[in-house]
Structure formats: structure tokens, C-alpha cells
Amino acid sequence: MNYQSTNKLFRLQVIKLEQTCHFELSWGQGKTLAADLAYPLSLSVSYADWHKAYLEYYQNQNLRGRVPKSGSGKITKNWQALLREAEAKLSSAFHDWLRSGQLYEIRQTIADAAKAQPTSAHYWVDILLTYNCHELACLPWEAWEINTSLSAGGTIRLARVPSKVRNSTTSPVARKARVLAILGDEKGLNFKEETQVLRSLSQIAEVEFCGWQEGKDNSQLKEKIAKKISDRQGWDILFFAGHSNETALTGGELNIAPGVSLSIKELEPYLHEARSHGLQFAIFNSCDGISIAESLINLGLPQVVVMREPIHNDVAQEFLVQFLQSLTQYQDVHSALLDACAFLKEKKQLTYPSAYLIPSLFRHPEAPLFRLEPFGLWHSVKNWLPTKREAFWLSAFLLLSLIPPVQDLLLESRLLLQAVYRQAVVGEKATASPLLLVKIDNKSLQADKVELVKEKYLDYSYLARILAELTKRKAEVVGVDYILDKDKEQPEASQKLKEAVDIAVQQETWLVWGADEEDTLGVSANIASLQQTMVGDIRSYHWYMELPKQNCTKTCPFAYLLALSETLLNSDTANLPKPEESRTDFRTSVVNFNPGNNEQVSFLHKLRLSANFLFWFPPIIDYALPPEQVYTTISACELLGSCESEATEELTNFLPPIVMIVPGGYQEAGVVEGGEDNALPPLPIAFWRGAAGWKDFWDGKPSFTGGETHGYMVYQYLHQHLVIMIPSFLLVLFAAGLGKGLILLIRSHPEPRQVWLIRFAIATIIYTMISLQVYLSLAVVFPLFWPLVTVGNYLRLGLKD
């Protein structure tokens with residue numbers, strides 16, 4: 001079983017001393033309001049008139065109690081009309097009394113609390129009423145309209161508490177609900193409909209019947225009922241239907257068979273045992289139940305529903321049907337009682353006048369309200385299924401999370417946040433970069449007076465000069481981020497480049513040329529032979545690593561070949577492939593070479609086997625790393641010594657293991673016209689570049705080159721730094737599960753909207769910080785935006801319901 005707490009609880013004590021009533025309202029921690037109010041004689045007269053009319057109207061009908069008849073029993077008056085008039089007078093006298101100016105502060109305090117609550121059916125302002133005399137107990141306190149407009153909204157409700165409560169309640173037992181239905185003396189009554197509606201609970205509760213059966217020996221009926229109540233399996237709900245009456249000393253009396261009655265006093269030890277086994281709620285669908293309810297609450301039972309006056313048989317059945325209908329919809333017992341009374345008032349008032357005033361809920365002040373909860377696997381699953389509204393929003397978020405431009409935008413922002421976090425936590429570390437980018441930039445083109453062939457293509461003789469210089473400085477691995485297929489348009493320059501390549505090969509420099517292997521664009525055979533050099537695919541997606549596929553037979557990423565080449569050369573392994581001696585495809589020899597026990601080479605080899613897995617969890621290019629840590633840059637003219645150098649003396653004299661010759665941002669760079677090699681700097685790169693980077697970003701200046709993208713990938717391959725991206729749609733689904741759980745939690749533990757919003761804000765901060773640290777420590781990217789939006793939307797829906 002589960003319980004639903006209320007958001008605001010008031011305790012109202014009314015003490016009648018002679019003709020004065022003392023009202024005391026208490027709430028919170030020691031807050032109280034008090035007022036004294038005269039008890040009007042007119043109210044006593046109005047109640048007596050109503051009570052007489054009520055009994056006269058129903059006395060010849062089947063009532064579940066002993067009602068004294070007046071006269072011969074012949075109805076000579078229109079008691080229905082008289083009852084309506086008496087009810088109106090009682091209601092007027094009752095509300096006039098409670099609308100007195102002395103009670104203004106008490107009414108206003110309760111009304112203000114109701115106004116402050118979220119407009120949700122899950123939030124109530126509860127009033128626990130205690131009184132000191134039977135005269136007050138008989139009044140219809142449940143009909144008190146504290147504030148007419150608010151009462152219409154259904155946010156204020158009143159339950160009764162005995163003036164003296166001796167025993168504490170016990171915790172519920174986690175199980176499928178168990179209901180014991182005791183059917184008493186059926187003389188003049190009919191329990192058929194009640195039996196049917198109770199049996200209908202079988203899908204969500206175990207229901208057992210016990211009681212008088214006509215034609216059978218009922219000499220041991222008292223013992224049988226007592227034994228059943230104290231069953232060790234326990235009960236959650238105790239139900240009684242039949243005749244009952246008030247008694248002064250025995251706590252109320254139940255007529256269990258013709259001529260046989262059982263008092264609450266006699267049942268007390270068995271009820272104690274039932275309470276210890278989990279009994280949480282009782283409903284007595286019989287007459288005059290005030291003393292019964294007070295006795296049971298004193299025994300520690302959490303809640304009891306009774307009829308304060310004699311009740312017509314059909315009214316009792318109508319009430320039970322509506323009450324159980326709401327209870328099976330998992331409403332708490334107070335909400336179920338209000339629904340049943342509203343039905344009697346709105347639908348049955350013409351047939352059964354004043355019937356809606358009779359039912360009352362008595363509560364133990366320490367016990368939260370009881371309600372049935374779904375039990376079993378299917379009910380658990382059903383609770384977690386999305387509603388139509390939830391499914392709509394979930395589908396929208398899933399669809400949006402799969403749109404590539406949206407993914408890119410959110411990833412870019414995520415990397416910016418990660419870069420800021422890294423700067424704050426790690427700071428800047430001076431580490432030697434394994435990669436040098438030789439940039440052929442506008443500065444170099446001007447300093448070395450290089451003119452583009454046909455105003456687009458780089459003069460290959462300039463590449464020859466750069467390669468010769470790198471060979472002279474004993475570069476180990478050189479990558480050329482150019483597609484050199486225009487040898488026929490510049491034959492002399494191509495010949496110079498070929499000569500530089502031959503010298504580099506002779507000195508065992510490993511060369512990797514850029515290529516578009518999908519369109520079979522690569523280095524011309526008139527420049528370099530693929531038996532001594534390699535080609536790598538330079539196509540790349542701006543945000544994700546290019547991974548080797550199909551064992552690099554058809555295509556192999558440019559950055560991967562550079563990293564693999566340097567790793568093999570640095571492995572101190574004999575029998576490495578040598579460019580000058582190679583007579584087969586050099587790339588195949590390099591890719592298939594296995595030096596044995598080398599962790600870094602094994603890592604690069606395994607990447608080719610993990611392509612299918614990494615397709616679903618794609619590694620991203622980690623722009624959250626500062627560029628200075630990833631690569632060092634130098635202008636080509638600085639390398640050649642033809643312009644003033646800004647490079648350090650160490651870089652001038654010693655080359656890093658890998659050198660890439662890359663376009664340095666001149667406008668014509670790229671395979672097609674328009675400078676496709678140049679792009680707007682990603683947000684994290686703009687952050688790392690500082691003021692100049694942000695200026696380029698906001699001015700829309702394409703100052704980030706493809707060579708720098710390859711530089712990041714080479715670094716990540718070398719350092720086994722694969723940053724795995726958890727797909728947003730997976731976390732949206734996970735967040736939807738959390739969100740659904742949040743809705744269920746809100747429903748079972750209603751609290752003010754501000755409390756849930758503060759909790760969500762705190763959870764957002766915690767999740768963000770954990771996500772940032774997990775990225776930094778484990779190289780796993782947990783998306784932020786869509787999961788938080790999904791959970792936030794569920795929170796919105798939960799607070800709106």
C-alpha cells in the first residue's frame with residue numbers, strides 16, 4: 001500500500017462549554033489562532049427539526065439501524081418537502097454561525113493556504129476537526145464552505161479526529177490489498193449489490209466474506225468473525241454492512257445476525273491483532289457509526305468511514321459503489337468519500353435528500369491517508385507507460401535529437417562548456433606536442449613569392465622546397481594535406497617534387513599523401529609511387545573522428561596513417577617496412593605489420609575491428625583540448641627561413657615526430673572553389689584562441705583549417721584518446737524513464753511547486769558537473785540539453801496535473 005500526504009494540514013479544536021464554543025486553529029510549528037463564539041439556540045433547533053424530518057422521511061424504508069417510529073407510521077405529511085426545507089434551514093443556521101466575524105481570521109488563514117497551493121487535484125488543505133460533545137459531533141461539518149470560490153475548486157476538506165486518541169498506528173504491509181467483508185443481519189436489507197461490487201475488486205485485491213448466512217448454524221458466529229479479523233495474514237480493509245447502533249459504554253454495536261450483536265469492546269483484542277498485521281482502513285456501511293469510528297481510531301486504526309445517522313439501504317449501496325469506484329482509481333479514501341458524497345448530492349438529491357450529509361471520515365492524526373496501489377508486474381509496467389501527452393513530447397524530443405544540424409549545434413555548445421571546465425580545473429599545461437603543422441599561409445605565399453597555378457592550385461615546386469627542408473632536418477613522418485593530381489598542369493614543378501620525394505624515400509622518411517579515395521583522387525604516379533609512400537583519405541566530418549574501415553583495404557583515414565606510422569617507427573621493432581625497399585603497396589605493408597607486444601599499435605589495430613560498435617557510439621574530435629597541447633604551428637616561410645620567424649629556437653632546430661604540410665588559411669585552399677578547407681572556428685577553439693578567436697567567430701571569418709582538424713585526430717590516435725559520445729536519443733529514453741518516475745513521485749509525495757523546481761535546479765547542476773568530470777576523467781560525453789529538457793518537461797507535466 002502507499003500513502004498520499006497532503007501539502008497543508010490544520011488542526012481545529014472546538015470545545016463547547018455551556019453556550020460558548022472555543023475555536024482553536026493550529027498548524028506548522030506552534031502557530032495558533034483562537035476565537036470564542038456563542039453557540040446559537042437556533043442551530044440546535046434547526047438540527048432537531050432536520051433530524052426529525054430525516055427520520056420521518058426514511059422511517060418506513062429500509063434503514064440500517066433501529067429507528068423509533070412515531071405514531072402509527074402512516075405518512076400524512078409531505079416529509080420529502082419538509083426534509084428539504086429543514087436541510088436548507090440547517091445549512092443556513094450552520095453557515096451563519098460559522099461566518100461570524102469572530103472566526104474571520106481562522107477562515108482567512110485556511111483560505112489563504114488553499115490559494116497558495118498549486119492548482120492540482122493532488123494537493124489538498126486538510127482540516128482535522130476535534131470536538132468535545134455529541135451535539136457538535138452531529139453537525140454536518142463536512143459541508144462547511146470556508147470560502148465559496150475555493151470550495152468549488154475542491155482544495156479544502158475536513159476529517160474528524162476523536163478528542164482522545166490513545167494508540168499509535170502501524171506501518172502498512174507491502175502486499176496485494178486484502179479486504180475482509182463482514183455481512184451482518186440482513187433482515188429488511190439486501191447485500192446483493194454490495195457483494196457484487198466488492199467481488200469486482202478481485203483484480204486489485206483479495207476479498208473474503210464472512211458473516212451470517214440464513215439457514216446455517218450461527219452459534220459460533222461471534223468466534224468465527226473474531227478469528228477472521230485476527231487472521232495472521234492480515235487485512236488492509238475491513239468492511240461491515242448491516243445494522244449498527246450507538247452505545248455509550250461499548251464503543252458501538254454491530255448486529256451480526258438476528259438477535260445477535262457484537263460490540264467494538266468485545267472485538268478490541270482482535271482488532272489490536274489485526275492492526276499489528278497491517279489493517280489500515282475500515283468502512284461501516286451501517287447506521288449511527290460515530291461511536292464505532294471513535295473507538296476504532298482510539299485503537300490505532302488510521303482511517304474509518306461511517307454513517308453518522310441512520311442510512312437508507314439503497315443510499316448505502318449507492319455510496320459504496322461510488323466510493324469503491326474512486327478507490328479503485330487509486331484515489332485516497334478522503335477523495336473517494338468526497339466523490340461519493342458529491343454523487344449523492346448532484347445525482348441523487350431528488351431521490352435521497354440529505355443523504356450526502358451523512359458519511360464522515362475519521363482519521364488518526366498521525367496517519368497519512370490510505371489508498372490502494374497497483375500491485376504486480378503488469379500494474380507496475382502499466383504505471384510506467386507514457387500517457388498520450390507524454391508520448392507526444394517524447395516522440396518530439398527523440399526526433400529533434402536525431403536531426404544532424406541540431407546535434408552539431410548542441411555538441412559545439414557542449415564542447416565549449418567542457419573547454420571552460422577544463423580551463424578551470426586543469427589549467428594550461430606546457431606539454432611537448434608530437435605534431436607540427438607547417439602552414440602554407442598568405443604570409444608564406446607573399447614572402448616566397450608563390451603564385452597559384454590558374455589562380456587556384458598550389459605550385460608543386462613550393463611543396464618540393466618544404467619537403468626538401470623537412471628531409472634535411474630528418475623528419476620521420478610527413479603528411480601532405482593536399483591532393484596532388486594536377487601534375488600535367490605543372491610538369492616542371494611536378495618533376496621537382498618527385499625528386500624531393502625520391503630523396504625523402506631514400507632517407508626512410510614515411511610519406512602520407514592526402515586523397516579523396518571515394519572519388520579516386522590522390523597523388524599522381526608521376527610524383528610518388530604508392531609502393532614507397534601512402535595515401536590517406538582527408539575527407540572528414542567536422543565533429544567526429546574518421547575511423548579506419550575494412551582493414552584499410554579500400555580507404556584509410558589520413559590522420560590514422562600518420563599516427564600508425566609514428567607508432568610503428570617508435571616501437572623499436574626490427575623488420576619494419578622500409579619505403580625504399582618496398583615492392584608492394586606500402587600502405588598495405590604498414591597496416592598489416594604487427595610488431596607484437598605493443599599496446600599502442602594494438603589499440604590502433606583494434607580500431608579497425610571496432611568500427612561497427614563505434615558507429616553507434618561515435619568518437620568525437622575533442623576540441624575541448626587546447627590547440628597548443630595538440631599541435632605546434634609554423635609558417636612555411638619560417639621553416640624555410642625566408643621570413644621573420646615567430647617559432648621558438650627549439651622548434652627551429654628540432655622537429656616533432658610528425659610533420660603535416662597543410663593549407664594555412666589562404667582563400668583558394670580546398671578541392672573545389674570557395675575555400676572549402678577553411679571553416680568558422682568551433683566555439684571551443686574560439687574560446688582557446690581568446691579575443692582573436694571570438695572576433696573571428698562573431699565576424700564569421702573562416703579561420704579554422706582542415707589541417708587543424710586532422711591535427712586533432714592525429715593527437716587523439718596517438719594518445720588513445722577516443723572520446724565516446726553517448727547518443728542523445730538513448731539518454732532521452734533514459735531521461736523519459738526518470739521523468740516518469742518523477743511524475744509518480746510527485747503524485748505520491750505532493751509538495752509545493754517551488755520545492756520541486758529547486759530540486760530540479762540542484763539536480764541539473766549536479767548532473768552537469770558529473771557529466772563534465774566524466775568527460776575529463778573517462779572520455780565519455782553525456783549530452784546535457786536533451787536529457788535535462790526531457791526530465792524538465794516531465795516535471796512540468798507532473799506539476800500541471
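Residues numbered from 1 in each chain as written. Predicted model: local features only at pLDDT ≥ 70, side-chain atom pairs only at ≥ 80, totals over all residues. Heavy atoms only, no water.

Student: An account of the packing of aromatic side chains is requested, with residue identities and associated values reported.
Tutor: Tallying each qualifying case throughout the model produces 28 aromatic pairs. Measuring from centroid to centroid gives 5.6 Å for Tyr-623 and Phe-704, while their planes differ by 85°, and the two rings are edge-to-face. Of this pair, Tyr-623 sits in the loop between strand E21 (619-620) and helix H22 (627-630) while Phe-704 sits in strand E25 (residues 704-705); the two residues are 81 residues apart in sequence, bridging distant segments of the chain. Take Tyr-623 and Phe-704: they sit in the same class, and that class is buried. A network of ring pairs unites the aromatic residues Phe-23, Tyr-39, Phe-94, Trp-97, Trp-141 and Trp-144 as a single cluster. The cationic tip of Lys-16 hangs over the ring face of Tyr-39; the distance from NZ or CZ to the ring centre is 5.0 Å. Sitting over the face of the ring of Trp-756, Arg-759 holds its NZ or CZ atom 4.8 Å from the ring centroid. (Phe/Tyr/Trp six-rings, centres within 6.5 Å; stacked < 30°, edge-to-face > 60°. Helix = DSSP H or I, 4+ residues; strand = E, 2+ residues; numbered from the N terminus. Buried < 20%, exposed > 50% of the residue type's maximum accessible area, 1.4 Å probe, protein only. Lys NZ or Arg CZ within 6 Å of the ring centre and 35° of its normal.)

Student: Go over the nonpolar core with me, naming the residues and quoting the values.
Tutor: Residues Phe-23, Trp-97, Trp-141, Leu-296, Phe-319 and Phe-323 are the most contacted members of the largest nonpolar core, which totals 123 residues. Setting aside residues up to four positions removed in sequence, Trp-97 forms contacts with Cys-21, Phe-23, Leu-37, Ala-38, Tyr-39, Pro-40, Leu-43, Leu-103, Leu-136, Leu-139 and Trp-141. Within the second largest apolar cluster, 61 residues are counted, among which are Ile-538, Leu-564, Val-723 and Met-725. (Core = buried A, V, L, I, M, F, W, Y, C linked by side-chain atoms within 4.5 Å. Contact = heavy atoms within 4.5 Å.)

Student: Run through the pattern of salt bridges, naming residues and quoting values.
Tutor: All chains considered together, the criterion is met by 28 salt bridges. Residues Arg-539 and Asp-516 are paired through a salt bridge, measuring 3.4 Å at the closest nitrogen-oxygen approach. Placement of the pair is Arg-539 in the loop between strand E20 (534-537) and helix H18 (558-569) and Asp-516 in the loop between strand E19 (510-515) and E20, with a sequence separation of 23 residues. When salt bridges that share partners are traced, they join Asp-126, Arg-157, Asp-332 and Arg-363 into one network. (Salt bridge = Lys/Arg side-chain N within 4 Å of Asp/Glu carboxyl O.)

Student: Before we move on, could you go through the pairing of strand E18 (residues 477-480) and cite the residues and values that matter?
Tutor: Because side chains alternate across E18, one face comprises the buried residues Val-477 and Gly-479, and the other comprises Val-478 and Val-480, equally buried. Relative to E19, E18 runs parallel, the two sharing four bridges. Bridging from a neighbouring strand, Val-480 pairs with Trp-513 of E19. Crossover E18 to E19 through helix H17 (residues 491-506) is right-handed. Across four bridges, E18 lies against strand E23 (residues 658-663) in parallel orientation. In the sheet register, Val-478 faces E23, and the bridge partner there is Val-659. (Pairing = 2+ DSSP bridges. Right-handed = clockwise from strand over helix to strand, strands pointing away.)

Student: Report on a nonpolar patch on the surface, specifying residues and quantitative values.
Tutor: A cluster of nonpolar residues, Ile-758, Ile-762, Ile-766 and Ile-770, forms a patch on the protein surface that exposes about 380 Å² of accessible area. As for its position among the elements, Ile-758 is in helix H29 (residues 753-778). (Patch = residues over 30% accessible without salt bridge, like charges linked within 9 Å, V, L, I, M, F, W, Y side chains within 5 Å. Areas by Shrake-Rupley, 256 points an atom, 1.4 Å probe, with all protein chains shown as cover.)

Student: Could you give an account of the state of the cysteines, naming the residues involved and the relevant values?
Tutor: Taken as a whole, this structure holds two disulfides when the rule is applied. What pairs with Cys-552 in a disulfide is Cys-556, and their sulfur atoms sit 2.0 Å apart. Measuring the twist about the S-S bond at about 55°, one finds the Cys-552-Cys-556 disulfide to be right-handed. Cys-556 matches Cys-552 in its accessibility class, with the two residues each being buried. The residue that forms a disulfide with Cys-637 is Cys-643, at a sulfur-sulfur distance of 2.1 Å. Disulfide Cys-637-Cys-643: torsion about the S-S bond near 75°, hence right-handed. Each member of the pair, Cys-637 as well as Cys-643, is classed as buried. No disulfide involves Cys-133; its sulfur sits 6.9 Å from the nearest other cysteine sulfur, which is in Cys-21. Sulfur of Cys-138: no disulfide; nearest cysteine sulfur belongs to Cys-133 and is 8.8 Å away. (Disulfide = S-S within 2.5 Å.)

Student: Could you give me a rundown of the sheet that holds strand E11 (residues 253-257), with the residues and numbers involved?
Tutor: Hydrogen bonds along the backbone pair up the strands of a sheet, which may run parallel or antiparallel. On the basis of which strands lie adjacent, the open sheet formed by three strands has the order E10-E11-E12 and antiparallel pairing. The sheet is open, and its two borders are formed by strand E10 (243-245) and strand E12 (260-263), each paired with just one other strand. Each neighbouring strand pair of the sheet contributes to a mean axis angle of 30°, computed without reference to strand direction. Pairing of E11 with E12, which is carried by four bridges, proceeds in the antiparallel orientation. (Axes fitted to C-alpha atoms, helices over the stretch in contact; angles between N-to-C directions.)

Student: Please provide a residue-by-residue account of the pairing of strand E15 (residues 359-363), values included.
Tutor: Of all five residues making up E15, five are buried, and the element is well covered by its neighbours. Burial of the side chains of E15 extends over both faces: Pro-359, Leu-361 and Arg-363 are buried on one face and Ser-360 and Phe-362 on the other. As judged from the five bridges shared by strand E14 (residues 303-307) and E15, these two strands associate in the antiparallel manner. Residue pairing across strands places Val-306 opposite Ser-360, the latter belonging to E15.

Student: Explain empty space enclosed by the protein residue by residue, including any values.
Tutor: Take a probe with the size of a water molecule and roll it over the atoms, and the empty space left behind shows itself. On inspection of all chains with the given rule, the structure shows four cavities of 30 Å³ or more. Taken together, 13 residues line the largest cavity, and the ones lying closest to its centre are Ile-182, Ile-229, Leu-254, Leu-267 and Phe-284. Secondary-structure elements contributing two or more residues to the lining of the largest cavity are helix H7 (221-229), strand E9 (237-241), E11 and helix H8 (264-276). Looking at the lining of the largest cavity element by element, the count peaks at three residues for H8. Tallied by class, residues from the lining of the largest cavity come to 13 nonpolar, no polar and no charged. Computed from the structure, the second largest cavity encloses a volume of approximately 50 Å³. Lining the second largest cavity, in full, are Val-179, Leu-198, Leu-201, Ile-237, Phe-239, Phe-281, Ile-283, Leu-320, Phe-323, Leu-324 and Leu-327. At the level of secondary structure, the elements contributing two or more residues to the lining of the second largest cavity comprise E9, strand E13 (281-285) and helix H10 (313-327). With four residues, the top contributor of residues to the lining of the second largest cavity is H10. (1 Å grid on protein atoms, 1.4 Å probe; cavity = no way out; pocket = protein on both sides within 12 Å on 5 of 7 lines; lining within 4 Å. Points joined across faces, edges and corners; volume = space filled by probe spheres on them. Nonpolar A, V, L, I, M, F, W, Y, C, P; charged D, E, K, R; others polar.)

Student: Explain the sheet that holds E20 residue by residue, including any values.
Tutor: The strand order E20-E19-E18-E23-E17-E22 describes an open sheet built from six strands, whose pairing is parallel. The open sheet is flanked by E20 and strand E22 (632-635), the only strands paired with a single partner. Averaged over all pairs of adjacent strands, the angle between strand axes in this sheet comes to 25°, irrespective of strand direction. Bridge count between strand E17 (residues 435-440) and E22: four bridges; the pairing is parallel.

Student: Break down the layout of surface pockets for me, citing the residues and quoting the values.
Tutor: A volume near 1,100 Å³ is recorded for the second largest pocket. Surrounding the second largest pocket, 41 residues form its lining, Tyr-541, Tyr-544, Leu-614, Phe-615 and Pro-618 being those nearest its centre. Taken together, the elements giving at least two residues each to the lining of the second largest pocket come down to helix H14 (404-425), helix H21 (611-616), helix H28 (728-748) and helix H30 (785-800). Here the lining of the second largest pocket takes nine residues from H14, the largest share from any one element. Of the residues contributing to the lining of the second largest pocket, the split by class is 27 nonpolar, seven polar and seven charged.

Student: Describe in detail the confidence of the model for the chain, supporting the description with residues and values.
Tutor: With 92% of its residues at a pLDDT of 70 or more, the chain has an overall mean of 89. Scored below 50 in pLDDT, residues 1-6 makes 36 contacts in the model with residues more than four places away or belonging to other chains. In the predicted structure, residues 149-154 sits below a pLDDT of 50 and forms six contacts with residues beyond four places in sequence or in another chain. (pLDDT = per-residue confidence, 0-100.)

Student: Can you explain the environment of Tyr-623? Please cite residues and give values.
Tutor: Given a relative accessible area of 0%, Tyr-623 falls into the buried group. Residue contacts for Tyr-623: discarding those within four places in its chain leaves Leu-415, His-542, Trp-543, Pro-682, Pro-684, Ile-685, Trp-688, Phe-704, Thr-709 and Tyr-712.

Student: Just give me the short version of H29, but keep the residues and values in it.
Tutor: With 26 residues, H29 extends 36 Å from end C-alpha to end C-alpha; this agrees with the ideal 38 Å at 1.5 Å per step. Trp-756, Thr-768, Ser-771, Leu-772, Val-774 and Tyr-775 are the residues of H29 that are buried. Among the structural elements, H14, E21, strand E26 (723-725), H28, strand E27 (780-781) and H30 are those in contact with the buried residues of H29. Note on H29: the residue one or two positions beyond its end, Ala-779, has a positive phi of about 60°. (Expected span 1.5 Å × (residues − 1).)

Student: Break down the environment of Ala-525 for me, with residues and values.
Tutor: The residue Ala-525 is located in the loop between E19 and E20 in this model. Residue Ala-525 is classed as exposed on the basis of its relative accessible area, which comes to 67%. In this structure, the C-alpha to C-alpha distance between Ala-525 and Gly-289, residues 236 residues apart in sequence, is 104 Å.

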